[in-house]
Amino acid sequence: MTRRAIYPGSFDPMTMGHLDIIERSAKLFDEVIVAVLVNLDKQPMFTVAERVEMIRQVARWPNVRVGTFAGLLIDYATEQHAQVIVRGIRAISDYEYELQMALMNRRLEPGVETVFLMAAEAYSYLSSRLIKEVFKLGGSITGLVPEWVEQRMRETVKG
Ligand code: PNS
């Protein structure tokens, strides 16, 4: 049986923390689908298409592919025949929200298991929100996002 995992998120933008989780998931599962949430409410830095392209450019493992989803994650996981949802946990502060989501998803579909990977210590303080804030205020984000992503971020400023 193919072990297929979904790694969902906003990825606006993708950070080195995300990339690390993708790399590790690709070793644990036969296939990993990085699933970008289409969230019409938010004002993102990058469009969904740009985020998909960004992940494709950077997460180049043969068993990793990129998808998008709207609506319930658990419906997408079922549709894709994934047995596992992967989430990264950075600090204890992530735990409560992640636990709620995992339990709700399990209630909705007990056949899909949520697996938590601990973020690498080097990236445990990283978040897309913080990266955007530091970048917009002129701070260096080198090494915190893949080089390709940093370049795209610079282009958004140039317009
Ligand atoms: O990277 P993020 O923003 O922390 O990812 C959150 C995400 C996309 C995993 C979560 O918001 C989600 O699953 N949204 C889809 C809607 C849904 O299924 N909601 C019920 C969750 S129990």
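Details of the structure are given in the entry above.
Below is a summary of the structure that appears in this document. (Residues numbered from 1 in each chain as written. Predicted model: local features only at pLDDT ≥ 70, side-chain atom pairs only at ≥ 80, totals over all residues. Heavy atoms only, no water.)

Secondary structure summary: the chain contains 6 helices and 5 strands in total. Taken over the C-alpha trace, the chain has a radius of gyration of 15 Å; the compact-globule value for 159 residues is 15 Å, and the two agree within 12%. On the principal axes, the C-alpha backbone points of the chain span a range of 45 × 30 × 30 Å. Long-range pairs, those at least 24 residues apart, make up 78% of the contacts in the chain with a sequence separation of at least 6. Carbon and sulfur atoms make up 54% of the accessible area of the chain, which amounts to about 9,200 Å² in all. Distance between charge centroids for the chain: 2 Å, based on 19 positive and 20 negative side chains. (Helix = DSSP H or I, 4+ residues; strand = E, 2+ residues; numbered from the N terminus. Rg over C-alpha atoms; globule rule 2.2 N^0.38 Å. Contact = heavy atoms within 4.5 Å. Areas by Shrake-Rupley, 256 points an atom, 1.4 Å probe, with all protein chains shown as cover. Lys, Arg positive; Asp, Glu negative; His and termini not counted. Charge placed at Lys NZ, Arg CZ, Asp CG, Glu CD.)

This part takes up the site of the ligand. Around the ligand there are 13 residues in total, and Gly9, Ser10, Gly71, Leu73 and Arg87 lie nearest to it. Here an oxygen atom of the ligand and a backbone polar atom of Leu73 are 2.8 Å apart. Between an oxygen atom of the ligand and a side-chain N or O atom of Arg87, the distance comes to 3.0 Å. In isolation the ligand exposes 550 Å². Once the protein is present, 74% of that is buried. The set of elements that each furnish at least two residues to the shell around the ligand consists of β1 (4–9) and α4 (92–108). Here the element with the most residues in the shell around the ligand is α4; it accounts for 4 residues. (Near = heavy atom within 4 Å. Polar contact = N/O pair within 3.5 Å; in protein donor to acceptor, adjacent residues only side chain to side chain.)

In this section: the packing of helix α2 (residues 48–58) against helix α6 (residues 147–158). Two elements in contact, α2 and α6, have axes whose closest approach is 9 Å; the angle formed by their N-to-C orientations is 150°. Overall, the two elements α2 and α6 adopt an arrangement that is roughly antiparallel. Residue-level inspection shows Glu53, Met54, Gln57 and Val58 of α2 in contact with α6, the latter providing Trp148, Val149 and Arg152. (Axes fitted to C-alpha atoms, helices over the stretch in contact; angles between N-to-C directions. Parallel < 35°, antiparallel > 145°, perpendicular 65-115°, else oblique.)

Now for unusual backbone geometry. Omega for the peptide link from Asp12 to Pro13 comes to 0°, which places this bond in the cis form. As for its placement among the helices and strands, Pro13 is situated in the loop between β1 and α1 (16–28). Of note, the phi angle at Phe11 is positive, near 50°, even though the residue is not glycine. Looking at where Phe11 falls in the secondary structure, it is placed in the loop between β1 and α1. The class of Phe11 is buried, set by a relative accessible area of 2%. (Buried < 20%, exposed > 50% of the residue type's maximum accessible area, 1.4 Å probe, protein only.)

Both strand β4 (residues 84–89) and strand β5 (residues 113–118) contribute to a ladder of 6 bridges, which runs parallel. Residue pairing for β5: Ile89 is matched across the bridge by Met118. (Pairing = 2+ DSSP bridges.)

Evaluation of the coordinates by the stated rule reveals 2 aromatic pairs. A ring pair is formed by Tyr7 and Phe11, whose centres lie 5.4 Å apart and whose planes are at 70°; its orientation type is edge-to-face. Phe11 carries the same exposure label as Tyr7, and that label is buried. Seen from their ring centres, Phe69 and Tyr76 are 5.5 Å apart, and the 25° between their planes marks the pair as stacked. By relative accessible area, which is 7% here, Phe69 ends up buried. Its relative accessible area of 8% is what places Tyr76 among the buried residues. (Phe/Tyr/Trp six-rings, centres within 6.5 Å; stacked < 30°, edge-to-face > 60°.)

With that settled, the discussion passes to a nonpolar patch on the surface. A cluster of nonpolar side chains, contributed by Ile92, Tyr95, Leu99 and Leu103, occupies part of the molecular surface with about 410 Å² of accessible area. Relative to the helices and strands, Ile92 is located in helix α4. (Patch = residues over 30% accessible without salt bridge, like charges linked within 9 Å, V, L, I, M, F, W, Y side chains within 5 Å. Salt bridge = Lys/Arg side-chain N within 4 Å of Asp/Glu carboxyl O.)

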